[in-house]
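Residues per chain are reported as follows:
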Amino acid sequence: MRILILGGAGFVGPHIAGQLAALGHLVWLYHRGKGERRAESSPSIRHIYADLDSLRDFRDALRQLHFDTVIHMLAMTRDDARAAATVFNGFTGRLIVAYSQDVYAAFGVLLKKETHSGDAPQRITESDPLRSARYIRGDDYEKI
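Calculation notes
Residues numbered from 1 in each chain as written. Predicted model: local features only at pLDDT ≥ 70, side-chain atom pairs only at ≥ 80, totals over all residues. Heavy atoms only, no water. Salt bridge = Lys/Arg side-chain N within 4 Å of Asp/Glu carboxyl O. Helix = DSSP H or I, 4+ residues; strand = E, 2+ residues; numbered from the N terminus. Buried < 20%, exposed > 50% of the residue type's maximum accessible area, 1.4 Å probe, protein only. Polar contact = N/O pair within 3.5 Å; in protein donor to acceptor, adjacent residues only side chain to side chain. Pairing = 2+ DSSP bridges. Axes fitted to C-alpha atoms, helices over the stretch in contact; angles between N-to-C directions. Contact = heavy atoms within 4.5 Å. Core = buried A, V, L, I, M, F, W, Y, C linked by side-chain atoms within 4.5 Å. Right-handed = clockwise from strand over helix to strand, strands pointing away. Arc of directions from axis to C-beta.

Q: Would you take a moment to explain the pattern of salt bridges for this structure?
A: Between side chains of opposite charge, a pair can form as their charged atoms come close. Evaluated as defined, the whole model comprises one salt bridge. In this structure, Arg 59 and Asp 60 form a salt bridge, with 3.2 Å as the shortest nitrogen-oxygen distance.

Q: When you look at the side chain of His 31 in this model, what are you seeing that I'm missing?
A: Note that His 31 resides in strand β2 (residues 26-31). A relative accessible area of 6% means that His 31 is categorised as buried. Within the structure, the side chain of His 31 is placed 2.9 Å from the backbone nitrogen of Gly 33, a separation counted as a polar contact.

Q: How should I be thinking about the environment of His 116 in this particular structure?
A: Counting through the fold element by element, His 116 comes out in the segment after α4 (105-110). Between the C-alpha atoms of His 116 and Ala 105, which are eleven residues apart in sequence, the distance is 8.1 Å.

Q: What am I meant to see in the sheet that holds strand β3 (residues 45-49) here?
A: Two strands in a sheet stick together by hydrogen bonds in their backbones, pointing the same way (parallel) or opposite ways (antiparallel). Overall, parallel pairing links the five strands, which are arranged β3-β2-β1-β4-β5 in an open sheet. Both edges of this open sheet fall to β3 and β5 (94-97), since each of them pairs with a single strand only. Each strand axis lies, on average, 20 degrees off the axis of its neighbour in the sheet, ignoring direction. Those strands touched by helix α1 (residues 13-22) are β1 (2-6), β2, β3 and β4 (69-72), and its axis lies near 175 degrees from that of β1.

Q: Looking at this structure, how should I read the nonpolar core?
A: Buried together is how nonpolar side chains tend to be arranged in soluble globular proteins. Residues Leu 4, Leu 6, Tyr 30, Leu 55, Leu 62, Phe 67 and Phe 88 are the most contacted members of the largest nonpolar core, which totals 15 residues. Broken down by secondary-structure element, the contributors of at least two residues to this core are β1, β2 and α3 (78-88). Tallying contributions element by element places α3 first for this core, with four residues. Contacts of Leu 6, omitting those with residues within four sequence positions, involve Tyr 30, Leu 55, Val 70, Ile 71, His 72, Met 73, Leu 74, Ala 84 and Phe 88. Ile 5, Val 27, Leu 29 and Ile 71 belong to the second largest nonpolar core, which has nine residues in total.

Q: Explanation requested: the pairing of β5 in the structure shown.
A: Every regular strand shows the same layout, with side chains that alternate between the two sheet faces. Note that β4 and β5 share four bridges and pair parallel. In the strand pairing of β5, Val 70 is matched with Leu 95. Between β4 and its parallel partner β5, the chain crosses via α3, and the hand of that crossover is right-handed.

Q: What am I meant to see in unusual backbone geometry here?
A: The phi angle of most residues is negative, glycine excepted, and most peptide bonds adopt the trans form. The phi dihedral of His 66 falls on the positive side, at around 55 degrees, and the residue is not glycine. Mapping His 66 onto the fold places it in the loop between α2 (59-64) and β4. Its relative accessible area of 53% is what places His 66 among the exposed residues.

Q: What is the right way to read α3 from this model?
A: Owing to its 3.6 residues per turn, the α-helix aligns residues three or four sequence positions apart on the same side. Every buried residue belonging to α3 is among Asp 80, Ala 83, Ala 84, Val 87 and Phe 88, and all of these are buried. Buried residues in α3, looked at end-on, bunch into an arc of 110 degrees, giving them a common side. Of the surrounding elements, those touching the buried residues of α3 are β1, α2, β4 and β5. Where α3 terminates, the next one or two residues include Gly 90, which has phi positive at roughly 85 degrees.

What is shown is where atoms sit, not what they do.
Pasting the structure below:
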């Protein structure tokens, strides 16, 4: 499979890229180059150095690479998600948008917008409670 990871050189992306490459997939990391020291090194992993804000500018070039799957690790706003959907609509088999754990109540506690009784969770799972307080990003985008 041909897989593109948007924001692929940051916190989680290199681990995903390494696992996918180990499974025999050809992986591209789309990133600014600032986290490259953390990016996996493999002949199956290639790099596209660009800012996420430039995604639309590279639309035609990215479409020509014919990705089977695009994994978006940096959809921090509604516009980020829409840009990826616009660029890859009809040109990839699957677009996966990874959400961060900021939808969970534990994040609300971290921001001091919510209270928590008992011990702080050691690990957050999908079944943990969601935040009750809204956490609006710049464009009125709430991930919950």
